[in-house]
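Observations on the three-dimensional arrangement
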Amino acid sequence: MAIADVADPAQVQAAFDEARSARGPVAILVNNAGCRESAPFSRTSLELWQRMLSVNLTGTFLCTQAALPDMLAAGWGRVVNVASTAGQKGYAYASAYAAAKHGVIGLTRSLALETARAGVTVNAVCPGYTDTELLRASVARIVERTGRSVEAARAELAAANPQRRLVQPEEVADAVLWLCGTAAAAVNGQSVSVCGGEVM
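One structure accompanies this document, and this report is about it. (Residues numbered from 1 in each chain as written. Predicted model: local features only at pLDDT ≥ 70, side-chain atom pairs only at ≥ 80, totals over all residues. Heavy atoms only, no water.)

Observations concerning the pattern of salt bridges
Applicable threshold: Within this document, salt bridges are pairs made up of a side-chain nitrogen of Lys or Arg and a carboxyl oxygen of Asp or Glu, the two lying within 4 Å of each other. By definition, any uninterrupted DSSP run of H or I lasting at least four residues is a helix, any uninterrupted run of E lasting at least two residues is a strand, and each is numbered from the N terminus. Exposed residues in this analysis have more than 50% of their type's maximum accessible area, buried residues have under 20%, and partly exposed residues fall in between, with area computed by a 1.4 Å probe over protein chains only.
Taken as a whole and judged by the stated rule, the model has nine salt bridges. One salt bridge in this structure joins Asp-17 and Arg-20, with 3.8 Å as the shortest N-O distance. Placement of both Asp-17 and Arg-20 in helix H1 (residues 9–23) is noted, with a separation of three residues, approximately one turn of the helix. You can call Asp-17 partly exposed: its relative accessible area is 40%. Here Glu-171 and Arg-165 are joined by a salt bridge, their closest N and O atoms 2.8 Å apart. Take Arg-165: its relative accessible area is 32%, and that puts it in the partly exposed class.

Some points on unusual backbone geometry
Most of the time, phi is negative for any residue but glycine, and the peptide bond is trans. If you check the backbone angles, Tyr-93 has positive phi at about 65° while not being a glycine. Summarising the element assignment, Tyr-93 is placed in the loop between helix H3 (86–89) and helix H4 (95–115). Of note in the backbone geometry, Arg-164 takes a positive phi value of approximately 55° without being a glycine. Considering the arrangement of structural elements, one finds Arg-164 in the loop between helix H6 (150–158) and helix H7 (169–180). Take Arg-164: its relative accessible area is 56%, and that puts it in the exposed class.

A closer look at the side chain of Thr-85
Note the threshold: Think of a polar contact as two N or O atoms within 3.5 Å of one another; within protein, one of them needs to be a possible hydrogen donor and the other a possible acceptor, and neighboring residues in sequence only count if both atoms come from side chains. In this description, contact between two residues means that some pair of their heavy atoms is separated by no more than 4.5 Å.
By the element assignment, Thr-85 lies in the loop between strand S2 (77–82) and H3. Using a relative accessible area of 0% as the deciding quantity, one classes Thr-85 as buried. Polar side-chain contacts of Thr-85 include one of 3.5 Å to the side chain of Glu-198. Excluding anything up to four places from it in sequence, Thr-85 contacts Gly-90, Tyr-91, Cys-126, Pro-127, Gly-128, Cys-195, Glu-198 and Val-199.

Some details on the packing of helix H5 (residues 133–146) against H6
Selection criterion: The axes are straight lines fitted to the C-alpha atoms, using for helices just the contacting stretch, and the angles between their N-to-C directions are given from 0 to 180°. In what follows, roughly perpendicular refers to angles from 65 to 115 degrees, roughly parallel to angles under 35, roughly antiparallel to angles over 145, and oblique to any angle outside these ranges. Here a crossing is called left-handed whenever its near helix is offset anticlockwise from the far helix by less than a right angle, and right-handed whenever the offset is clockwise.
Running from N to C, H5 and H6 cross one another at 120°; their axes reach a closest spacing of 9 Å. By the angle between their axes, H5 is oblique relative to H6. When you trace H5 past H6, the crossing you get is right-handed. On H6, the residues that touch Leu-135, Val-139, Ile-142 and Val-143 of H5 are Val-150, Ala-153, Arg-154 and Leu-157.

Listed below in structure tokens is the structure:
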């Protein structure tokens, strides 16, 4: 299994070359690498801004460019970009992350139009706050900055979901899996929200 920095073109190409050698042409790509940092806009440094764009948006671009030729040659493929509800509506104190995820959704829509007649679909899955390592890091930052308890910080994030709970990783994975199958052949260019109704 190849491990790569998705923001590094050479590492991405090497990882895809290794994957092709082991498994053959790429038919399904799930762009799931991501990072999230928060700061008020006035304290968002250029370095933070570029870090959010390079991993969340440029990484999606580079991996898709590496995989798409195989799909076009085969006349079939699935690209699923894991975006965020932040890319659908924005979040305060996360302007760089939200901008990157808005970019992922724009890339998804544009590429879906380009590949619509080639047997390739391109969609995004947009989770709300999901119980992952990324969320646990956010909770730790909230606790550190505000002095709230872990339980209070988790409850605050869960309150964004009308179901008043955190999304489970398996729920996001199920949406991705469905988009990768033949039953979703007519679903293209969509941003599928997995968030309990936070975005409608």
